[in-house]
Amino acid sequence: MLRLGVNIDHVATLRQARGGREPDPVWAAVLAELGGADGITIHLREDRRHIQDRDLRVLKDTCRVRLNLELALDPGVLSIATSARPEQATFVPEKRDEVTTEGGLDAVAEESRLHDAIARCHDAGIEVALFIDPDLAQVDAAIRLGVHAVEFHTGRYADAATPRDQEAELDALRRASRATIAAGLELHAGHGLNYQNVTPIARIEGMRELNIGHSIVSRAVLVGMTQAVREMKQAMELAIR
């Protein structure tokens, strides 16, 4: 079964624009679950620009589906993660000046730091994924680190200017996916996926989970969160029939 993880960061972004209490990402998570979400994804950034510590605490207590916490290699956030114990921690890159996550984590360059952070997560009973580019060297690093899953950054595919460029990015994703599956790691993907471009990614052999946020939240503004999630699930299910 291909799972859908719904990223609700942008609901928190809207809340933080006014510094108030609404819209509450916890409400969004409940509605996403009603629409068929298989998991909820949040990114607790070092600068707390959207998701707050309180959101993680409440979501951990209330989510009936898997909670996936994205985090950078920040000691403070890592301590919060190991205390909260979400079902999964996904290590991602993070820059203060970026609008959203740009590119995958360099697991090769960060292998030593990742080794220690992953060990802390495993000791806390948390599964670990790495958000990386579809590069074989990055996959090899993930294999050495003993993570449960890799999530491939699909931004280059989503931003491809021509069908030829898009196909080239798909080929890279397929090659990296084959190496991931062969090593026994679980295969995830996300970033820039929407209702129009999700089908080829969903059809990659062995794909187990897609994490999608901005497109679903944007659609939810018009039709509601439950319906927006339901429509994405339908698009994914049609892709793999």
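Values in this document were obtained by computation on a predicted structure and should not be read as measured data. Chains are numbered independently. Their residues run from 1 in the order of the written sequence. For a predicted model such as this one, the threshold for reporting local features is a pLDDT of at least 70, and the threshold for listing and counting side-chain atom pairs is 80 or more; totals across whole chains, interfaces and linings nevertheless cover every residue. The side-chain figures draw on all heavy atoms in the structure; neither hydrogens nor water molecules are used.

**Describing the pattern of salt bridges**
By definition, a salt bridge exists where a carboxyl oxygen of Asp or Glu is found within 4 Å of a side-chain nitrogen of Lys or Arg. One pass over the structure, following the stated rule, counts 16 salt bridges. One salt bridge connects Asp53 with Arg48, and the closest N-O pair in it is separated by 2.6 Å. For Asp53, a relative accessible area of 25% gives the class partly exposed. Think of it in three bands: with a 1.4 Å probe and only protein chains considered, a residue is buried below 20% of the maximum accessible area for its type, exposed above 50%, and partly exposed in between. Overall, Arg48 belongs to the partly exposed group, its relative accessible area being 23%. Here Glu169 makes a salt bridge to Arg156, at a shortest N to O gap of 3.3 Å. In this pair, Glu169 sits in helix H8 (residues 163-182) while Arg156 sits in helix H7 (residues 155-158), placing the two residues 13 residues apart along the sequence. Sharing partners across several salt bridges, the network here consists of Arg3, Glu186, Arg208 and Glu209. A run of DSSP states H or I qualifies as a helix once it reaches four residues; a run of E qualifies as a strand once it reaches two. Both are numbered from the N-terminal end.

**Observations regarding the sheet that holds strand S1 (residues 3-7)**
Strand-to-strand pairing in sheets goes through backbone hydrogen bonds, with the strands running parallel or antiparallel. Two strands are said to pair when DSSP picks up at least two bridges between them. The parallel closed barrel is built from 8 strands, whose spatial order is S1-S2-S3-S4-S5-S6-S7-S8. With direction set aside, neighbouring strand axes in the sheet form an average angle of 25°. Relative to strand S3 (residues 66-71), strand S2 (residues 39-43) is paired through 5 bridges, and the arrangement is parallel. Paired with Thr41 across the two strands is Asn68, which belongs to S3. Each axis is a line fitted through C-alpha atoms, and for a helix only the stretch in contact is used; angles between axes span 0 to 180 degrees, taken between their N-to-C directions.

**Describing unusual backbone geometry**
Cis rather than trans, the peptide bond between Glu22 and Pro23 has omega equal to 0°. Within the fold, Pro23 resides in the loop between helix H1 (9-18) and helix H2 (25-34). Positive phi, close to 55°, is recorded for Arg48, a residue that is not glycine. For Arg48, the position within the fold is in the loop between S2 and helix H3 (53-62). Even without a glycine there, the phi angle at His191 is positive, about 110°. Here His191 shows up in the loop between strand S7 (186-190) and helix H9 (198-202). You can call His191 partly exposed: its relative accessible area is 24%.

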